[in-house]
Amino acid sequence: DGRGSLAVVGGIPITANSDRIAGFLAAIAPHPQLTVIATSYGELDAPSGERAADEILATHPEIDGFFASNDQIAIGISRVLRSRGLVVPIVGVDGASNAVEQIRAGGPIIATATQDPAALVRAAMEIGSALHGGARVARPSRYLVPRLIDARNAMEYQPWG
């Protein structure tokens, strides 16, 4: 309903994780009743998601939702919530198969923003070929449009990983 207390669990300090968190914060900025009350950082794996969820829930048991900077962290958060019998939605990033399975099953992961490994490789090959051929790259980065996978479209989405 556009309001609630949120937790953000980021990964290691690399550009991708920083960009994902910045994007999440920008997306919720127009909704002043959505408040980030807890932030944690871990690795890029489920055990660090579990650790972060345990730490956050110990000090903020009233969390209404989690944002995880990757799907493996989201899986770890999910394990903790299930073990405690808590129903708290999680949104992750990657479009990985284990997160999509949870979306299809009704949660607690309710959405994931996709990344497309095949498109990433194609873009890298195009840029690499151009550079190898002597071309100059006009932009230092290329934006690939993600898709949000949720209950409305998870059945037709073909996950990776």
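Anything mentioned here points back to the structure above.
All values derive from a computational prediction rather than experimental measurement. (Residues numbered from 1 in each chain as written. Predicted model: local features only at pLDDT ≥ 70, side-chain atom pairs only at ≥ 80, totals over all residues. Heavy atoms only, no water.)

## A closer look at the overall build of the protein
- A count of helical and extended segments in the protein gives 5 helices and 6 strands.
- Counting only residues that meet the buried cut, the protein has 40% of its 161 residues in that class.
- Of all intrachain contacts in the protein linking residues separated by at least 6 positions in sequence, the fraction that spans at least 24 positions is 66%.
- Surface accessibility of the protein: about 9100 Å² in total, with carbon and sulfur atoms responsible for 57%.
- Each charge class in the protein can be summarised by its mean position, and for the 13 positive and 16 negative side chains these summaries are 7 Å apart. (Helix = DSSP H or I, 4+ residues; strand = E, 2+ residues; numbered from the N terminus. Buried < 20%, exposed > 50% of the residue type's maximum accessible area, 1.4 Å probe, protein only. Contact = heavy atoms within 4.5 Å. Areas by Shrake-Rupley, 256 points an atom, 1.4 Å probe, with all protein chains shown as cover. Lys, Arg positive; Asp, Glu negative; His and termini not counted. Charge placed at Lys NZ, Arg CZ, Asp CG, Glu CD.)

## So, the packing of helix H2 (residues 46–59) against helix H3 (residues 71–84)
- Two elements in contact, H2 and H3, have axes whose closest approach is 6 Å; the angle formed by their N-to-C orientations is 50°. Here H3 runs oblique to H2, going by the angle between their axes. Taken as a pair, H2 and H3 cross one another with a handedness that is right-handed. Residue-level inspection shows Ala46, Ser48, Gly49, Glu50, Ala53, Asp54 and Leu57 of H2 in contact with H3, the latter providing Gln72, Ile73, Ile75, Gly76, Ile77, Arg79, Val80, Leu81 and Arg84.
- Split by residue class, the contact of H2 with H3 holds 8 nonpolar, 4 polar and 4 charged. (Axes fitted to C-alpha atoms, helices over the stretch in contact; angles between N-to-C directions. Parallel < 35°, antiparallel > 145°, perpendicular 65-115°, else oblique. Left-handed = near helix turned anticlockwise from the far one by under 90°. Nonpolar A, V, L, I, M, F, W, Y, C, P; charged D, E, K, R; others polar.)

## A word on the sheet that holds strand E6 (residues 148–149)
- Spatially, E2-E1-E3-E4-E5-E6 is the arrangement adopted by the 6 strands of the open sheet, whose pairing is mixed. Here the strands that pair on one side only, and so sit at the sheet edges, are strand E2 (34–41) and E6.
- Here H2 sits on the sheet and contacts strand E1 (4–10), E2 and strand E3 (65–68); the angle it forms with E2, its principal contact strand, is near 130°.
- Here helix H4 (residues 97–105) sits on the sheet and contacts strand E5 (109–114) and E6; the angle it forms with E5, its principal contact strand, is near 140°. (Pairing = 2+ DSSP bridges.)

## A look at helix H5 (residues 117–132)
- Taking 1.5 Å per residue as the helical rise, H5 with its 16 residues ought to reach 22 Å, and the 22 Å between its terminal C-alpha atoms agrees with that figure.
- Remark: Gly134 follows H5 within two positions and exhibits a positive phi of approximately 95°. (Expected span 1.5 Å × (residues − 1).)

## Topic: H4
- Among the residues of H4, Ser97, Ala99, Val100, Gln102 and Ile103 are the ones counted as buried.
- Next to the buried residues of H4 lie H3, E5 and E6.

## As for the environment of Val100
- Mapped onto the fold, Val100 is located in helix H4.
- Of the residues examined, Val100 reaches a relative accessible area of 0% and is grouped as buried.
- Placed 10 residues apart in sequence, Val100 and Ile110 show a C-alpha to C-alpha distance of 8.5 Å.
- Among all residues touching Val100, those that are not within four sequence positions of it are Gly95, Thr112, Ala154, Tyr157 and Pro159.

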